[in-house]
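Chain and residue survey
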Amino acid sequence: MLLKTSHTKLFLALAALAFTASAQADDPVTPPIPGVAAGGVIIELIKDGFKGTEGPIGYPDGSLLFTETQANRIIRIAPDNTVSTFLENSNGANGLALNASGEIIAVQTLKPQVGIIYPLDKQKTFTENFEGTLFQRPNDVVLDKSGGIFFTDSGTRPTKETPTPPVSHPGVFYVTPAGQLTRLANDIERPNGIQLSKDEKVLYVANTLGENILAYDVGTNGAISNKRNFAKLDGWKNEDNIWSSGADGLAIDDEDRLYVASNSGIEVFSAKGEALGIIILPKKPQNIAFAGTDKKTLYAVGRGAAYKIPLLAQGFKGRAK
């Protein structure tokens, strides 16, 4: 196994050198990742200068929606790269999901809550507290086929504006289709991105302050068990005396490969957690999603920028993200 891993790393390193030498110095390009990305494909910057970039999902018309968090709105990127405002006054929407009725469910941060934000005449709040404790920063969300809602709350952390925030209460939660709220985990330092495998038997959670992507077995009514380290992240680094992988948004493709936005870029793993390669971006990604009518375009948003990356892999069509 060690020999096979070493050969794989050597192949990726040599291939990376080959395509880098032939590309323009100022063109960010994809590395060759078998089945995922052809080497040397230009990573296209759609636009920079957004005020916050989070929560991308593929929309049924082939466009991409994402949340411009600090501007309190949702942005639409059309297949031809046209950028427009999809929804104003999103209540600080962060992660987005799309239910079977075409309604957009968002975890929201201005008034922390989870609910439908679009269409406007369908707006509804599902939950805003757990056992009387208000949510602090709902972060990301994914729906199962029953309509149940898995979401994370990353809690609080010191910032320049708020050096001594309230005590943090991070967690992973599930809302059943009947509206019952359950806390699934409260032992993750900073839960962030959340995703399900294609068959919905595995739940993945990104811990921004951890070295590994976490995985759980999913049971009935959203119950989880068998917490384990699924994949070790290359993004694990010490910056400003804080160890962090920067693990953020997650996406899967139709082969159940997992894509992770991290300090290193977009890290790609097999369904077994094997590292396959890293797509490096000019700016660190915060969240990612497949979109387009064929779902063969991976979009990445982060640090005010939005990029699109044509891939060989196809995103999972069973849900918006």
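A short tour of the structure in this document, coming up.

The rules behind the values
Residues numbered from 1 in each chain as written. Predicted model: local features only at pLDDT ≥ 70, side-chain atom pairs only at ≥ 80, totals over all residues. Heavy atoms only, no water. Helix = DSSP H or I, 4+ residues; strand = E, 2+ residues; numbered from the N terminus. Buried < 20%, exposed > 50% of the residue type's maximum accessible area, 1.4 Å probe, protein only. Phe/Tyr/Trp six-rings, centres within 6.5 Å; stacked < 30°, edge-to-face > 60°. Pairing = 2+ DSSP bridges.

1. Looking at the side chain of Thr297
Take Thr297: it is sitting in strand β27 (residues 297-302). Taking relative accessible area as the criterion, Thr297 reaches 17% and is therefore assigned buried.

2. Considerations on the packing of aromatic side chains
Using the criterion set out here, one finds eleven aromatic pairs in the structure. Considering the side-chain rings of Phe86 and Tyr118, the 4.8 Å spacing of their centres and the 55° angle between planes classify their relative orientation as tilted. Of this pair, Phe86 sits in strand β5 (residues 83-88) while Tyr118 sits in strand β8 (residues 113-118), and the two are 32 residues apart along the sequence. Ring geometry for Phe135 versus Phe173: centroids 5.2 Å apart, planes at 75°, classification edge-to-face. Highlighted residues: Phe135 in the loop between β11 (133-134) and β12 (138-143) and Phe173 in strand β14 (residues 171-175), separated in sequence by 38 residues. Across this residue pair, the class does not change: Phe135 and Phe173 are buried. Among the aromatic residues, those joined into a ring-pair cluster are Phe130, Phe135, Phe151 and Phe173.

3. Let's talk about the pairing of strand β24 (residues 265-269)
Of all five residues in β24, five are buried, a share of seventy percent or more. Note that strand β23 (residues 258-262) and β24 share five bridges and pair antiparallel. Within the sheet, the bridge partner assigned to Leu258 lies in β24 and is Phe269. Where β24 folds back onto strand β25 (residues 275-279) in an antiparallel hairpin, the turn is made up of five residues, including Gly273, whose phi is positive at roughly 90°.

This is a description of form; function is not addressed.
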